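Chains, contacts and geometry: an overview
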Amino acid sequence: MTTLKTRLQDDLTAAIRARDELRSSTLRLTLTAIQKEEVAGESARELTDAEVEKIITSEAKKRREAADAFAKGGRAEQAERERAEGEVLAEYLPKQLADEELDALVAEAVAEAKSAGAEGPRAMGAVMKIVNPKVAGRAEGGRVAAAVKKRLAG
């Protein structure tokens, strides 16, 4: 069993014992998503920590989007709960890159793409191919794409 999945299960047990309803329900939903992925496809398999991390990232993104939707719909209480669940999941994800760190990685990737002959706005795909593995899990795709566009335009 992966160490991240084991940590989630141990934390779920602790949350249940502590009667922490928010944490236990969030971890239950996340573990269910992980188990669903493990049995998807031809045969059941054990997920790696990287795959588990992707699922947690996906679950956290769902919480952010739901919080935004609830806030726009005037349901502040539900939006706050979604944000709180997102914070619980954030504890299991790598620390997000600061804007300065992201800009530095993008600048490096743009320079690398230029040396390979790709320039201007058309170089977007080449730069994204270079920068995505470097930021994997530490910055959202939309945020990375915006930084790359900004760098290529300016």
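The residue count restarts for each chain, going from 1 along the sequence in the order it is written. pLDDT decides what is reported in this predicted model: residues at 70 or higher carry local features, side-chain atom pairs at 80 or more are listed and counted, and totals for whole chains, interfaces and linings draw on all residues regardless. Note that the side-chain values use all heavy atoms of the structure and ignore hydrogens as well as water.

In DSSP terms, a helix is any run of H or I states spanning at least four residues, a strand is any run of E spanning at least two, and both are numbered starting from the N terminus. Secondary structure summary: the chain contains seven helices and zero strands in total. The helix and strand sequence of the chain, counted from the amino end, reads α-α-α-α-α-α-α. Atoms counted for the radius of gyration: C-alpha only. Globule rule: 2.2 Å times the number of residues to the power 0.38. Here the C-alpha atoms of the chain give a radius of gyration of 19 Å, more than 25% beyond the 15 Å that 2.2 N^0.38 yields for 154 residues. Taken along its principal axes, the extent of the C-alpha atoms in the chain is 55 × 45 × 25 Å. Per-residue burial over the chain gives 34% buried out of 154 residues. In the chain, 62% of the contacts between residues at least 6 apart in sequence involve partners at least 24 apart. Method for areas: the Shrake-Rupley scheme with a 1.4 Å probe, in which residue coverage is limited to the protein chains shown. Taken as a whole, the chain presents about 9500 Å² of accessible surface, with 52% of it coming from carbon and sulfur. By the counting rule applied here, Lys and Arg register as positive and Asp and Glu as negative, while His and the ends of each chain are not counted. Positions of charges follow a simple convention, taking NZ of Lys, CZ of Arg, CG of Asp or CD of Glu. Between the centroid of the 27 positive side chains of the chain and the centroid of its 28 negative side chains there is a distance of 3 Å. Whether a residue is buried, partly exposed or exposed follows from its accessible area with a 1.4 Å probe, protein chains only, as a fraction of its type maximum: under 20%, in between, or over 50%, in that order. Any two residues whose heavy atoms approach within 4.5 Å at even a single point are treated as in contact.

When a carboxyl oxygen of Asp or Glu lies within 4 Å of a side-chain nitrogen of Lys or Arg, that pair is called a salt bridge. Scanning all chains against the criterion turns up 14 salt bridges. One salt bridge connects Glu21 with Arg81, and the closest N-O pair in it is separated by 3.1 Å. Of the two residues, Glu21 is situated in helix 2 (residues 21–39) and Arg81 in helix 4 (residues 76–90); the sequence distance between them amounts to 60 residues. Owing to a relative accessible area of 27%, Arg81 belongs among the partly exposed residues under this scheme.

Once that is clear, we can look at the packing of helix 3 (residues 49–72) against helix 4. In this description, a line fitted to the C-alpha atoms serves as the axis of each element, helices being fitted only across the stretch in contact, and the angle between N-to-C directions of two axes falls anywhere from 0 to 180 degrees. For the pair helix 3 and helix 4, the least separation of the axes is 8 Å and the interaxial angle reads 160°. The orientation of helix 3 relative to helix 4 falls into the category roughly antiparallel. Judged by the sense of rotation from one axis to the other, the crossing of helix 3 with helix 4 is left-handed. Across the interface between the two elements, Ile56, Glu59, Ala60, Arg63, Ala66, Ala67, Phe70 and Ala71 of helix 3 pack against Gln78, Ala79, Glu82, Arg83, Glu85, Gly86 and Leu89 of helix 4. In this count, Pro and Cys sit with the nonpolar residues alongside Ala, Val, Leu, Ile, Met, Phe, Trp and Tyr, while Asp, Glu, Lys and Arg are called charged and the others, Gly among them, polar. In terms of residue class, the contact of helix 3 with helix 4 is built from eight nonpolar, two polar and five charged. For this classification, under 35 degrees means roughly parallel, over 145 means roughly antiparallel, 65 to 115 means roughly perpendicular, and everything else is oblique. Put simply, a crossing is left-handed when the front helix is turned counterclockwise from the back one by less than a right angle, and right-handed when it is turned clockwise.

To continue, consider the packing of helix 5 (residues 99–115) against helix 6 (residues 124–135). As a packed pair, helix 5 and helix 6 sit with axes 9 Å apart at the nearest point and diverge in direction by 140°. One finds that helix 5 runs oblique with respect to helix 6. Considering the relative orientation of helix 5 and helix 6, their crossing is right-handed. Contact residues: helix 5 offers Leu102, Leu105, Val106, Glu108, Ala109, Val110, Glu112 and Ala113, while helix 6 offers Ala126, Val127, Ile130, Val131, Lys134 and Val135.

Multiplying 1.5 Å by the helix residue count minus one yields the expected span of that helix. Its 15 residues place the ends of helix 4 21 Å apart at the C-alpha level, agreeing with the 21 Å of an ideal helix rising 1.5 Å per residue. Those residues of helix 4 lying buried are Ala79, Glu82, Glu85, Gly86, Val88 and Leu89.

On to the layout of surface pockets. A volume near 420 Å³ is recorded for the largest pocket. If you trace the largest pocket, you find 21 residues lining it, with Thr57, Arg64, Leu93, Gln96 and Glu140 closest to the centre. Residue assignment for the lining of the largest pocket shows that the elements contributing at least two residues are helix 3, helix 4, helix 6 and helix 7 (141–153). A 1.4 Å probe that fits into a set of points on a 1 Å grid over the protein atoms alone but cannot get out defines a cavity; an open set with protein on both sides within 12 Å along at least five of seven lines defines a pocket, and lining residues are those with an atom within 4 Å of a point. Grid points are joined across faces, edges and corners, and a volume is the space filled by probe spheres set on the points. As a volume, the second largest pocket reaches approximately 180 Å³. Together, Ala50, Glu53, Lys54, Thr57, Ser58, Lys61, Ala136 and Gly137 line the second largest pocket.

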